[in-house]
Amino acid sequence: MTALTPQGVVADLVHAQHWVAGAPDAALSGATRPVTDPATGSTTGDFTVGTAAVVDRSVRAAAEAGPGWWDLGAEARGQLLGQVASRLTVAAPQLAALESREMGKPVAMAQQDIEGSIEMFRATAESAATFFAPAARGAGRTACRPYGVVALITPWNYPVCQVTDILAGLLAAGNTVVVKPSEKAPLSVAALGPLLDILPPGVVNIVLGDGEVGAALVEHPLIGLVHFTGSVATGRKVGGAAGARLIPCFLELGGKDALVIDRDVDVAKAAALAASGGWMNTGQVCTSIERVYVHRDIADEFVSALIHESASWPIGSGLNPDTRLGPLVDARQRDSVHQHVTEARLGGAEVPIGGEPLPGPGFFYPATVVVGAPDDSRIMTEETFGPVIAVRIVNSFEEGLRLADTGAYGLCAAALTNDPAHIELAAALDAGAVTINGGGDGPADAPFEPARSSGMGRVFWGPRSLESFTRPYAVSIGGKA
Ligand code: NAD
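Counting restarts for each chain: residues are numbered from 1 in the order of the written sequence. Per-residue local features are limited, in this predicted model, to residues with pLDDT of at least 70; the limit for side-chain atom pairs, both in listing and counting, is 80 or more; totals at the level of whole chains, interfaces and linings are taken over all residues. Derived side-chain values reflect all non-hydrogen atoms in the structure, with water molecules and hydrogen atoms excluded from consideration.

**As for the overall build of the protein chain**
The condition is simple: Each helix is a run of DSSP H or I of at least 4 residues and each strand a run of E of at least 2, with the numbering of both proceeding from the N terminus. Note that the radius of gyration is over C-alpha atoms, with the globule rule given as 2.2 Å times the number of residues to the power 0.38. Burial classes: relative accessible area under 20% of the type maximum marks a residue as buried, over 50% as exposed, and values in between as partly exposed (1.4 Å probe, protein chains only). It only takes one pair of heavy atoms within 4.5 Å for two residues to be counted as in contact.
Tallying secondary structure elements over the protein chain gives 15 helices and 22 strands in all. Relative to the 2.2 N^0.38 estimate, which gives 23 Å for 481 residues, the radius of gyration of the protein chain is 23 Å and therefore close to what a compact globule would have. Principal-axis analysis of the C-alpha atoms places the extent of the protein chain at approximately 75 × 60 × 40 Å. Put simply, the protein chain has 481 residues, and 55% of those count as buried. Relative to all contacts within the protein chain whose residues are 6 or more apart in sequence, the contacts with residues 24 or more apart total 72%.

Here it is as structure tokens:
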């Protein structure tokens with residue numbers, strides 16, 4: 001049976017299907033593929049794997065729904081999306097439980113994240129009418145229109161939020177959408193289908209499958225915009241395919257975020273911040289703190305405080321309310337994380353806490369600290385995507401800033417310092433978002449564009465995302481013809 005209804009029923013074993021033109025669709029699909037609970041190694045459910053025919057049917061359904069969705073008008077679109085937000089709110093606890101069963105995260109955290117995303121979904125829906133309100137009608141104006149059918153391709157680390165964060169803006173702007181979630185965690189996204197059935201058929205379609213299905217979607221001739229979140233390697237392929245078709249493409253890719261710590265900070269507070277930045281979601285966050293550059297004067301104290309912090313990160317199933325550190329998503333991810341740590345050790349680094357996978361069942365890896373890995377080792381240069389904080393001792397705050405700005409990634413960066421001159425230096429870190437001293441009431445609607453290989457395309461979140469998801473055009477009207 002379907003995983004979730006608006007009343008919130010989760011089946012024990014979940015069988016997920018595509019959602020096409022407003023209904024579940026198992027036709028034209030390939031084989032089914034299992035989804036494993038990473039905490040137990042047992043099967044959570046399965047999903048039907050899409051084919052080129054399913055992709056084509058979904059894109060055509062979205063293209064047919066497009067004109068009607070646009071003609072409905074911004075206010076009506078916003079109202080319908082507001083109703084979707086209410087349904088999502090009711091379903092949030094079940095969606096969170098399903099996320100945990102397919103990719104391992106603690107349920108309470110999943111629910112909090114989903115609820116936050118729904119809040120933004122609702123605010124975005126409410127902004128549609130204002131965004132499209134007619135501007136002063138002069139002889140010249142800028143108008144905007146939707147891109148048409150959008151391919152929304154998402155990763156597994158925040159399965160629901162990666163869709164709901166983006167979907168409201170795309171739809172409020174008048175686009176129609178084909179969603180392609182990750183094959184590693186497709187069940188909670190597939191469960192969104194029945195919750196969306198108050199939208200006209202075809203406005204949102206969900207196609208399940210792996211990279212082959214994603215590639216077929218990007219290459220479909222009726223796709224007008226691609227929004228991709230995932231790894232740099234896949235982002236290059238997606239960006240290349242979109243470029244070849246001359247369609248715009250947003251790429252939200254990986255990170256190797258650095259935290260630079262000055263000599264004058266509260267060390268216990270710095271360690272707590274580094275721990276939650278590095279270990280949250282078992283380090284499977286694009287904006288995880290993976291590198292820490294700490295001033296030599298406080299380095300020993302900082303490492304001790306980090307080891308102390310690790311005790312407050314109990315490891316276990318995400319369904320256990322005490323768990324803060326769930327499993328990694330699968331055996332491959334666990335082995336890849338361990339490979340980074342092993343190579344660092346061989347390169348001379350110390351691992352004062354963690355650093356060994358836990359015996360099964362499940363794919364658990366403990367909170368880990370690595371000190372003194374070579375600057376060119378993979379743990380310092382490639383995305384690890386696990387609960388590992390690599391600490392590098394520096395002789396000055398400036399040296400830390402310089403090292404933070406090296407490497408392929410520039411998603412986010414952070415610094416801790418009480419020196420006003422150093423705050424200004426840190427503000428120039430080369431990243432999509434820079435957070436100093438834990439941040440404050442920053443501009444919530446600021447645009448964001450990742451630096452270096454971490455992505456492409458200026459994106460606004462929430463209500464202002466309609467600016468990203470519409471194509472502006474200029475109208476100028478002359479005198480009497
Ligand atoms: P991934 O690149 O392996 O897959 C992402 C999605 O792309 C999946 O749905 C996958 O099936 C699909 N895909 C694979 N090959 C494709 C192709 N050739 N054409 C089209 N689609 C294709 O990434 P992942 O392992 O699912 O996710 C982890 C990565 O995502 C990490 O690098 C992480 O940093 C990144 N991420 C970035 C952000 C951000 O906002 N910048 C947020 C979350 C995750």
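Here the narrative resumes.
**A word on the pattern of salt bridges**
Which entries qualify depends on this criterion: Each salt bridge in this description consists of a side-chain nitrogen of Lys or Arg and a carboxyl oxygen of Asp or Glu lying within 4 Å of one another.
Within this structure, the stated rule accounts for 16 salt bridges. Residue Asp210 pairs with Arg33 through a salt bridge whose shortest N-O separation is 3.4 Å. Placement of Asp210 in the loop between β9 (204–206) and α7 (211–219) and of Arg33 in strand β4 (residues 32–36) is noted, with a sequence separation of 177 residues between them. With its nearest N and O atoms 2.7 Å apart, the salt bridge here joins Glu290 to Lys256.

**Some details on the nonpolar core**
Nonpolar side chains in soluble globular proteins tend to be buried together. Inclusion rule: Only buried Ala, Val, Leu, Ile, Met, Phe, Trp, Tyr and Cys residues count toward a nonpolar core, and they belong to the same one when joined by side-chain atoms within 4.5 Å.
Ranked by internal contacts, the top residues of the largest apolar core, which has 62 residues, are Leu95, Leu171, Leu192 and Leu199. Sorting elements by how many residues they give to this core places helix α2 (residues 74–103) first, with 11 residues. Grouped together as the second largest cluster of nonpolar side chains are 27 residues, Leu259, Ala367, Val391 and Ala414 included.

**Remarks on the site of the ligand**
Short version of the rule: Whether a residue is near a molecule or strand depends on its heavy atoms: if one lies within 4 Å, it is near. Nitrogen and oxygen atoms within 3.5 Å of one another constitute a polar contact, given that in protein one can donate a hydrogen and the other can accept it, and given that sequence-neighbouring residues count only through two side-chain atoms. The protein chains shown are the only cover counted for residues, whose accessible areas, like all others here, come from Shrake-Rupley with a 1.4 Å probe. Residues are grouped as follows: Ala, Val, Leu, Ile, Met, Phe, Trp, Tyr, Cys and Pro are nonpolar; Asp, Glu, Lys and Arg are charged; all remaining types, including Gly, are polar.
Around the ligand, the surrounding shell holds 28 residues, and the nearest of these are Lys180, Glu183, Ser231, Leu253 and Glu383. For the ligand, an oxygen atom lies 2.8 Å from a polar atom in the side chain of Thr234. Between Glu383 and the ligand, the recorded distance is 2.5 Å, taken from a side-chain N or O atom to an oxygen atom. Isolated, the ligand exposes 850 Å² of accessible area, and the fraction of that covered by the protein chains is 87%. Those elements giving two or more residues to the shell around the ligand turn out to be α7, β10 (223–229) and α8 (232–245). Each residue belonging to the shell around the ligand can be placed in one class, and the counts come to 11 nonpolar, 11 polar and 6 charged.

**Things to note about unusual backbone geometry**
Cis geometry marks the peptide bond from Gly360 to Pro361, where omega comes out at 5°. With respect to the element layout, Pro361 can be found in the loop between β14 (350–353) and β15 (368–371). Phi at Leu246 takes a positive value of approximately 55°, unusual for a residue other than glycine. Look at Leu246 and you get exposed, because its relative accessible area is 76%. Of note, the phi angle at Thr282 is positive, near 55°, even though the residue is not glycine. Inspection of the secondary structure puts Thr282 in the loop between α9 (267–279) and β13 (289–295).

**What to know about the environment of Leu199**
Looking at where Leu199 falls in the secondary structure, it is placed in the loop between α6 (192–195) and β9. Separated by 177 residues in the primary sequence, Leu199 and Gly22 have C-alpha atoms spaced 7.9 Å apart. Ignoring sequence-local partners within four residues, the contact set of Leu199 consists of Trp69, Leu80, Leu81, Val84, Leu171 and Val204.

**With respect to α8**
This is how the line gets drawn: Multiplying 1.5 Å by the helix residue count minus one yields the expected span of that helix.
Between its first and last C-alpha atoms α8 spans 20 Å; for 14 residues at 1.5 Å apiece the expected length is 20 Å, and the two agree. Those residues of α8 that sit buried are Val232, Gly235, Val238, Gly239, Ala241 and Ala242. Tucked inside the fold, the buried residues of α8 contact α7, β10, β11 (249–252) and β17 (409–410). Of the residues trailing α8, Leu246 is marked for its positive phi of about 55°.

**Here's the deal with the packing of aromatic side chains**
Put simply, the test is: We call Phe, Tyr and Trp rings a pair once their centres come within 6.5 Å, taking the six-membered ring for Trp, and we label the pair stacked below 30 degrees between planes, edge-to-face above 60, and tilted otherwise.
Tallying each qualifying case throughout the model produces 5 aromatic pairs. Centroid distance Phe131 to Phe132: 4.9 Å. Interplanar angle 90°. Geometry classified as edge-to-face. Residue Phe131 is classed as partly exposed on the basis of its relative accessible area, which comes to 28%. A centroid spacing of 5.9 Å and a plane angle of 80° characterise the contact between Trp279 and Trp313, whose relative ring orientation is edge-to-face. Of this pair, Trp279 sits in helix α9 while Trp313 is found in the loop between α10 (299–310) and α11 (331–346), placing the two residues 34 residues apart along the sequence. Trp313 matches Trp279 in its accessibility class, with the two residues each being buried. Counting every residue linked through ring pairs, the aromatic cluster contains Trp70, Phe131 and Phe132.

**A look at helix α13 (residues 397–404)**
Across the 8 residues of α13, 6 count as buried, placing the element largely inside the fold. When α13 is considered as a whole, its buried residues turn out to be Phe397, Glu399, Gly400, Leu401, Leu403 and Ala404. On the buried face of α13, the contacting elements are β12 (257–261), β13, β16 (388–394), β18 (412–416), α14 (420–426) and β20 (451–452).

**Comments concerning the side chain of Asn281**
You can see Asn281 is positioned in the loop between α9 and β13. Apart from the residues within four sequence positions on either side, Asn281 is in contact with Met103, Lys105, Met109, Asn157 and Tyr158.

**Focus: the packing of α2 against helix α4 (residues 159–172)**
Keep this limit in mind: A fitted line through C-alpha atoms represents every axis, and for helices the fit uses only the stretch in contact; the resulting angles, taken between N-to-C directions, go from 0 to 180 degrees. An angle below 35 degrees is treated as roughly parallel, one above 145 as roughly antiparallel, one from 65 to 115 as roughly perpendicular, and anything else as oblique. What makes a crossing left-handed is the near helix being turned counterclockwise from the far one by less than a right angle; a clockwise turn instead makes it right-handed.
Two elements in contact, α2 and α4, have axes whose closest approach is 10 Å; the angle formed by their N-to-C orientations is 165°. Taken as axis vectors, α2 and α4 run roughly antiparallel relative to one another. Handedness of the α2/α4 crossing: right-handed. Seen from α2, the contacting residues are Arg77, Leu81, Leu88, Leu95, Glu99, Glu102 and Met103; seen from α4, they are Pro159, Val160, Cys161, Thr164, Ala168, Leu171 and Ala172. Here the contact of α2 with α4 is built from residues that sort into 10 nonpolar, 1 polar and 3 charged.

**A closer look at the sheet that holds strand β1 (residues 14–16)**
Rule in force here: A pair of strands is considered paired only if DSSP assigns at least 2 bridges between the two.
If you walk across this open sheet you meet the 3 strands as β1-β5-β4, and the pairing is mixed. Where the open sheet ends on each side, the last strands, each with one partner, are β1 and β4. Taken over all neighbouring pairs, the strand axes of this sheet differ in orientation by 25° on average, direction set aside. Packed onto the sheet, α2 meets β1, β4 and β5 (43–48) and runs at close to 95° relative to β4.

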